[in-house]
Amino acid sequence: MGASGGNHPISFEILARSGTTQARRGRVTTPHGSFDTPAFMPVATAATMKGLTPDQIESTGAQIILNNAYHLMLRPGAERIAHFGGSHKFMRWSKPILTDSGGFQAWSMSGAGEAGSDMRAKISEDGVEFRSFIDGAKFLLSPERSIAVQNTIGSDIMMAFDDCPPALKPETPLDDPQLSRKRRSNPEDHRRRLEDAIDRTARWLGRCIKAHARPDEQGLFGIVQGGTDLQLRRRSVDQVCAYDLPGFAIGGVAVGESPDEIHRTVAEVAPMLPDLKPRYLMGVGYERDIVAAVRAGVDMFDCVVPTRHGRNHTAFGANGTSLKLRNAQYADDPRPLVEDCGCYCCRKFSRAYLRHLAIADEMLAGILLSIHNVHFLQ
């Protein structure tokens, strides 16, 4: 029904379209194989899925996973990963890998100190200056450095280094390392911050493209910003999609917005992106949000929610519900988490057994619930 690829190492083929919505089914082909879309990408931040082996991840139906350049740059280091043949061989995952650029983590994970303190991340045209959460060492993560790290890690799909502002609410005190200390937000401040972010993101994208050392082996996706302001989103789309890239992402809609704001923004922005390129909604992992985004024409998703919920003894249930397995109501419940779910957890174990594991703080509880949650989204 349609395909794209050109000279890029990443190609996308649309196999079917909905007759009533913007939804489509497709396939993305990478140097490490293909994956079907819509695709949920489990997050293996530090070259590992928390609590799950690569075989267990694959058993859920996952065909592509995500690594994070920020974390791997700090530990064990991109060069060490390259010494072992890149992330695929290092973590024993043979299927496609996407790497996040690390810009969001560089400031969000370095903002724990007092406003104005030396621990605060600082954003400038050069990049994001921050201190490592591991040992406090100072780093500057620039577009060029982010791309170099991702080139070295060897992912199939790399994300451009972007400026992702948080969701700001009028009259809410801000404690945001991207903004001046102790400032309160207002609509004018918010819009100026969004304007700065989309223009800087476009400039940084140009630098990312110039810095990309392996364009024949790794695909680079651009990221559209603009918050929930549709006029600014259009401006960002025009800037970012002016570049011939193999795919594009919607960033900045999972940083504090309500579900209604996410759905409205994505419904408007997704159709603005090139039709014959994969569209990636970053950081979204709840059933309601994924379903709405698929209807809007989005193809790719990622989020830490499935495994984080699993470790916190919470399972995805039918029809958008959540099951908190520590609750006494499950103590004698013989049913699986979800009837007719084909995951290993639901095929083998009862809610009563899973509650027992959770109450006893057995690590198997988090493993089994994570397997279910990832499989459920697949």
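Residues numbered from 1 in each chain as written. Predicted model: local features only at pLDDT ≥ 70, side-chain atom pairs only at ≥ 80, totals over all residues. Heavy atoms only, no water.

A. Focus on a nonpolar patch on the surface. Taken together, the side chains of Met109, Phe133 and Ile134 present a nonpolar region at the surface, about 230 Å² in accessible area. Looking at the secondary structure, you find methionine 109 in the loop between helix H5 (103-108) and strand S8 (122-124). For methionine 109, a relative accessible area of 34% gives the class partly exposed. (Patch = residues over 30% accessible without salt bridge, like charges linked within 9 Å, V, L, I, M, F, W, Y side chains within 5 Å. Areas by Shrake-Rupley, 256 points an atom, 1.4 Å probe, with all protein chains shown as cover. Salt bridge = Lys/Arg side-chain N within 4 Å of Asp/Glu carboxyl O. Helix = DSSP H or I, 4+ residues; strand = E, 2+ residues; numbered from the N terminus. Buried < 20%, exposed > 50% of the residue type's maximum accessible area, 1.4 Å probe, protein only.)

B. Structural view of unusual backbone geometry. Cis geometry is adopted by the peptide bond preceding proline 38, which originates at threonine 37 and carries an omega value of 0°. With an omega of 10°, the peptide bond running from arginine 75 to proline 76 counts as cis. Looking at the secondary structure, you find proline 76 in the loop between helix H2 (69-74) and helix H3 (78-83). The phi dihedral of histidine 313 is positive, around 65°, even though this residue is not glycine. Accessibility expressed as a relative area gives 9% for histidine 313, which makes it buried.

C. How the structure looks around the nonpolar core. Counting 61 residues, the largest nonpolar core has Ile65, Phe130, Val266, Leu281 and Phe301 as its most contacted members. Those residues in contact with valine 266, other than ones at most four positions away along the chain, are Val253, Pro271, Leu281, Ala293, Ala296 and Val298. Within the second largest apolar cluster, 19 residues are counted, among which are Val43, Phe221, Ala249 and Tyr280. (Core = buried A, V, L, I, M, F, W, Y, C linked by side-chain atoms within 4.5 Å. Contact = heavy atoms within 4.5 Å.)

D. The packing of helix H9 (residues 259-269) against helix H10 (residues 287-296), seen in detail. Contact geometry of H9 with H10 gives a least axis separation of 9 Å together with a crossing angle of 15°. Here H9 lies roughly parallel to H10, going by the angle between them. For the element pair H9 and H10, the recorded crossing hand is right-handed. Across the interface between the two elements, Pro259, Ile262, His263, Val266 and Ala267 of H9 pack against Arg288, Asp289, Ala292, Ala293 and Ala296 of H10. Grouping the constituent residues of the contact of H9 with H10 by class yields seven nonpolar, one polar and two charged. (Axes fitted to C-alpha atoms, helices over the stretch in contact; angles between N-to-C directions. Parallel < 35°, antiparallel > 145°, perpendicular 65-115°, else oblique. Left-handed = near helix turned anticlockwise from the far one by under 90°. Nonpolar A, V, L, I, M, F, W, Y, C, P; charged D, E, K, R; others polar.)

E. Geometry of the environment of serine 142. In this structure, serine 142 sits in the loop between strand S10 (138-141) and helix H6 (143-153). Here the alpha-carbon distance between serine 142 and serine 101, two residues 41 residues apart in the chain, equals 9.9 Å. Setting aside residues no more than four positions away along its own chain, serine 142 makes contact with Asp126, Gly127, Phe161 and Arg207. A polar atom in the side chain of serine 142 sits 3.1 Å from the backbone nitrogen of arginine 145. (Polar contact = N/O pair within 3.5 Å; in protein donor to acceptor, adjacent residues only side chain to side chain.)

F. Main features of the side chain of glutamine 150. Positionally, glutamine 150 belongs in helix H6. Ignoring anything within four residues of it in the chain, the contact list for glutamine 150 reads Ala69, Thr99, Asp100, Ser101, Ser155, Met158, Met159 and Gln218.

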